[in-house]
Amino acid sequence: MARQITRDFRGQRVHLVGVLKGACIFLSDLIREISLETSIDFIAVSSYGKRREASGQVRVLKDLDSSIAGLNVILVEDILDTGLTLNYLLRILRQRKPKTMRVAALLDKPARRRRPVSADYVGFTIPDEFVVGYGLDYAERYRNLKDVCVLTRNHRHVH
Ligand code: 5GP
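Residues numbered from 1 in each chain as written. Predicted model: local features only at pLDDT ≥ 70, side-chain atom pairs only at ≥ 80, totals over all residues. Heavy atoms only, no water.

### Considerations on the pairing of strand β5 (residues 100-108)
For β5, the tally of buried residues reaches eight of nine residues, placing the bulk of the element in the interior. Across eight bridges, strand β4 (residues 72-80) lies against β5 in parallel orientation. Pairing of I74 across the sheet is with R102, part of β5. Regarding topology, helix α4 (residues 84-94) serves as the crossover connection from β4 to the parallel β5, and that connection is right-handed. (Buried < 20%, exposed > 50% of the residue type's maximum accessible area, 1.4 Å probe, protein only. Helix = DSSP H or I, 4+ residues; strand = E, 2+ residues; numbered from the N terminus. Pairing = 2+ DSSP bridges. Right-handed = clockwise from strand over helix to strand, strands pointing away.)

The structure is reproduced here in structure tokens:
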């Protein structure tokens, strides 16, 4: 993915916007493989919940530190699921007039899509399973797992 980004933006700077918290480990690995001038910022949105999924509502918990006007923005997401989060983020970030806007997602679960959005760079397309590890959590746990793992039903309780 980093090689592709490096080819696509040859001679230019890319501004990576990580969607907290899930994308932090992926972003850290991705940016080290990009051979271009780079800069980083982060945005945090309300976390996944049954009620949010039903309402389709997303909320910004922490906004970007600086302007993205005129920049080649690459929004770095951990996983693209229903598309509600990405749909919302693209809408608010496009209003800020970036030069270009691309999406890099480590994982894509197209089976559950509810908004017509897609990522320009996808690491892995996966089936409809709940995954944790490599930055992805279940109630803040498991982010430190080195691999992306399927969380089975009998592990879905908070200790
Ligand atoms: P969407 O808005 O596309 O439905 O969901 C995006 C967000 O939901 C992701 O950034 C992630 O935080 C969360 N999410 C969706 N699917 C999974 C999953 O399988 N595992 C984990 N840990 N989070 C997920």
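More follows now that the structure is in view.
### Details of unusual backbone geometry
In this structure, K21 follows L20 across a cis peptide bond, with omega equal to -5 degrees. In this structure, K21 sits in the loop between β1 (13-20) and α2 (24-32). For K97, which is not a glycine, the phi torsion comes out positive at approximately 60 degrees. With respect to the secondary-structure elements, K97 resides in the loop between α4 and β5. For K97, a relative accessible area of 61% translates into the label exposed.

### Details of the site of the ligand
Around the ligand, a shell composed of 17 residues is seen, among which D78, T82, T85, V131 and D137 lie nearest. Between an oxygen atom of the ligand and a side-chain N or O atom of E77, the distance comes to 3.1 Å. Note that an oxygen atom of the ligand is positioned 2.9 Å from one of the backbone N or O atoms of D81. Here the ligand, which alone exposes 510 Å², has 91% of that area covered by the protein. Among the secondary structure elements, those contributing two or more residues to the shell around the ligand are β4 and α4. Residue composition of the shell around the ligand, grouped by class: seven nonpolar, three polar and seven charged. (Near = heavy atom within 4 Å. Polar contact = N/O pair within 3.5 Å; in protein donor to acceptor, adjacent residues only side chain to side chain. Areas by Shrake-Rupley, 256 points an atom, 1.4 Å probe, with all protein chains shown as cover. Nonpolar A, V, L, I, M, F, W, Y, C, P; charged D, E, K, R; others polar.)

### Examining the nonpolar core
Counting 23 residues, the largest nonpolar core has I5, L16, L30, I34, I74 and V76 as the members making the most contacts within it. Secondary structure elements with two or more residues in this core: α1 (2-8), β1, α2, β4 and β5. If one sorts the elements of this core by residue count, α2 sits on top with four residues. Leave out the neighbours within four places in its chain, and I5 touches L30, I34, L36, I74 and Y121. Grouped together as the second largest cluster of nonpolar side chains are 22 residues, V17, V45, L64 and A119 included. (Core = buried A, V, L, I, M, F, W, Y, C linked by side-chain atoms within 4.5 Å. Contact = heavy atoms within 4.5 Å.)

### A look at the environment of F42
Within the fold, F42 resides in strand β2 (residues 37-45). The partly exposed category is assigned to F42, whose relative accessible area is 27%. Considering only alpha carbons, one finds F42 and R115, 73 residues apart in sequence, at a separation of 23 Å. Setting aside anything within four residues of it in sequence, one finds F42 in contact with G18, L20, L27, K62, D63 and L64.

### Observations concerning the pairing of β2
Across eight bridges, β1 lies against β2 in parallel orientation. Within the sheet, the bridge partner assigned to H15 lies in β2 and is S39. Pairing of β2 with strand β3 (residues 60-62) involves two bridges; the strand directions are antiparallel. Within β3, the position partnered with V45 by the bridge is V60.

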